[in-house]
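Understanding the architecture of this molecule
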Amino acid sequence: MFVPFFETLRQAQVPVSLREYLTFLEAMRAGLATYDVEGFYYLARSAMVKDERHLDRFDRAFATAFRGLEQISFEQVLEAVELPSDWLTRMAEKHLTDEEKREIEAMGGFDKLMETLQERLREQQGRHQGGNKWIGTAGTSPFGAYGYNPEGVRIGQKESRHRRAAKVWDKREFRNLDDNIELGTRNIKVALKRLRKWARDGAREELDLDGTIRATAEHGYLDVKTRPERRNAVKLLLFFDVGGSMDMHIRVVEELFSAARSEFKHLEHYYFHNCLYEGVWRDNRRRWDKQTSTWDVLNTYGSDYKCIFVGDASMSPYEIVYPGGANEHWNAESGQAWLERARVQWPDHLWINPVPERHWQYTQSIGMIQQIFENRMVPMTLEGIDRGMRELSR
């Protein structure tokens, strides 16, 4: 019966294999999610999704494969699964507060709630606004949307408001993890993990807490275990374009910076405007009176650093190729000359562009920066960051 679900996943480009599908079937035969719809969802997801990038695709495929199940009558479900008579009572005792129990008892219990829903579906004709009985909106009925009831069934509402509904269908928790969606802090971290390079550094060994607990429990006495110390040995140098057209990308750039700070121990960063010139800075409030010479940066950080420029590369072409072309000061040397020096100093380099890749062809300066960086420019999407991290890890 789950073959159509498997085929829907494949059609949605979720790379699920036959082995993963068989694992899912074994878990279902073992009864791990027999009476729990939410448990069934999480079981299927854990068995058949192996990469966080595909979680949103799975959610959409899941909704497509099981669309229409809400039309099955509650009597059919109860007859099919033969629920024990005391099962719902035990679940209520486990998950409901005393106040919620009293409200359900006053209404007649969970069975009464489901029975009333069926009756009202049969009786109601058309849309209903407000009130406390019919299935509609902005009321206190247990059934509907944009209202309030402590034990309601949400129908036709985009998102939770009071977080008290008993059932929610088509819930997509990972819609921002698809390959072509702009990044948030959490999924930027997922992409940056590809740049991790673990190496032995510092102390030869460190305490293996999990191994010590396991060995002590097995042997009956304190058995201390150690393991080689692991540190993130990647050294990362970030250059952020600020001001002007970059103002519209502040949020996603801040998320990238936040993710990078949490992922890398050896991280240095500087700011520039539009193109790299003879000076950079760490504090935008002191950009004019406390700049750092770009020559000093080139001579301070060795070629073992990975270098990433983050900017929209959108500027006048003169700012790249001509001395004096900068729009805020007189630059004695062209921006291209400084970018070339950066590329030579840090062979592992990359340019991340928050502008959607489909728009790059319409901006001349983006094409010029691409040429300088020998096409090492990627969009700020999960797929783009992943592609860039693979390039830097070569």
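Residues numbered from 1 in each chain as written. Predicted model: local features only at pLDDT ≥ 70, side-chain atom pairs only at ≥ 80, totals over all residues. Heavy atoms only, no water.

1. Things to note about the sheet that holds strand β14 (residues 377-379)
Spatial strand order, β9-β8-β12-β13-β14: five strands in an open sheet with parallel pairing. Each of the sheet's edge strands pairs with one partner strand only, and the pair in question is β9 (266-272) and β14. Strand-to-strand twist across the sheet, computed as the mean angle between neighbouring axes with direction ignored, equals 25°. As paired strands, strand β8 (residues 235-241) and β9 are joined by seven bridges and run parallel to one another. Considered in β9, the bridge of Leu 237 is made with Glu 268. Packed on one face of the sheet, helix α16 (residues 382-392) meets β12 (306-310), β13 (349-353) and β14 and runs near 150° to β14. (Pairing = 2+ DSSP bridges. Helix = DSSP H or I, 4+ residues; strand = E, 2+ residues; numbered from the N terminus. Axes fitted to C-alpha atoms, helices over the stretch in contact; angles between N-to-C directions. Contact = heavy atoms within 4.5 Å.)

2. Quick look at the packing of aromatic side chains
The description of two aromatic rings rests on the distance between their centres and on the angle between their planes. Summed over the entire model, instances satisfying the criterion amount to 27 aromatic pairs. For the pair Phe 5 and Phe 24, a centre-to-centre distance of 6.2 Å together with 70° between the ring planes defines the contact as edge-to-face. Of the two residues, Phe 5 is situated in helix α1 (residues 3-11) and Phe 24 in helix α2 (residues 18-29); the sequence distance between them amounts to 19 residues. By relative accessible area, Phe 24 is classed as buried at 0%. An aromatic cluster is built from Phe 2, Phe 5, Phe 6, Tyr 21, Phe 24, Phe 40, Tyr 41, Tyr 42, Phe 58 and Phe 62, whose rings are joined through pairwise contacts. If you follow Arg 341 out to its NZ or CZ, it ends over the ring of Trp 338, 4.5 Å from the centre. (Phe/Tyr/Trp six-rings, centres within 6.5 Å; stacked < 30°, edge-to-face > 60°. Buried < 20%, exposed > 50% of the residue type's maximum accessible area, 1.4 Å probe, protein only. Lys NZ or Arg CZ within 6 Å of the ring centre and 35° of its normal.)

3. Digging into the pairing of β8
Along β8, six of the seven residues are buried, which leaves the element largely enclosed by surrounding structure. Crossover β8 to β9 through helix α11 (residues 250-263) is right-handed. Alignment of β8 against β12, held across five bridges, turns out to be parallel. Looking at β12, one finds that Leu 236 is bridged to Lys 306. (Right-handed = clockwise from strand over helix to strand, strands pointing away.)

4. A word on the environment of Val 252
Position of Val 252 relative to the elements: it lies in helix α11. Under the relative-accessibility criterion, Val 252 is labelled buried at 4%. Considered as a pair, Val 252 and Ile 188 are 64 residues apart in the sequence and their alpha carbons are 9.7 Å apart.

5. Some words on a nonpolar patch on the surface
A contiguous nonpolar surface patch, about 520 Å² in accessible area, is contributed by Leu 207, Leu 209, Ile 213, Leu 222 and Val 224. Counting through the fold element by element, Ile 213 comes out in helix α10 (residues 209-219). (Patch = residues over 30% accessible without salt bridge, like charges linked within 9 Å, V, L, I, M, F, W, Y side chains within 5 Å. Areas by Shrake-Rupley, 256 points an atom, 1.4 Å probe, with all protein chains shown as cover. Salt bridge = Lys/Arg side-chain N within 4 Å of Asp/Glu carboxyl O.)

6. Let's talk about helix α14 (residues 335-345)
Looking only at α14, the buried set comprises Gly 335, Trp 338, Leu 339, Ala 342 and Arg 343. Mapping the buried residues of α14 onto a view down its axis gives an arc of 140°, with all of them on the same face. Packing partners of the buried residues in α14 comprise α12 (294-300), β12, α13 (318-321), β13 and α15 (364-372). (Arc of directions from axis to C-beta.)

Distances and angles like these do not, on their own, reveal function.
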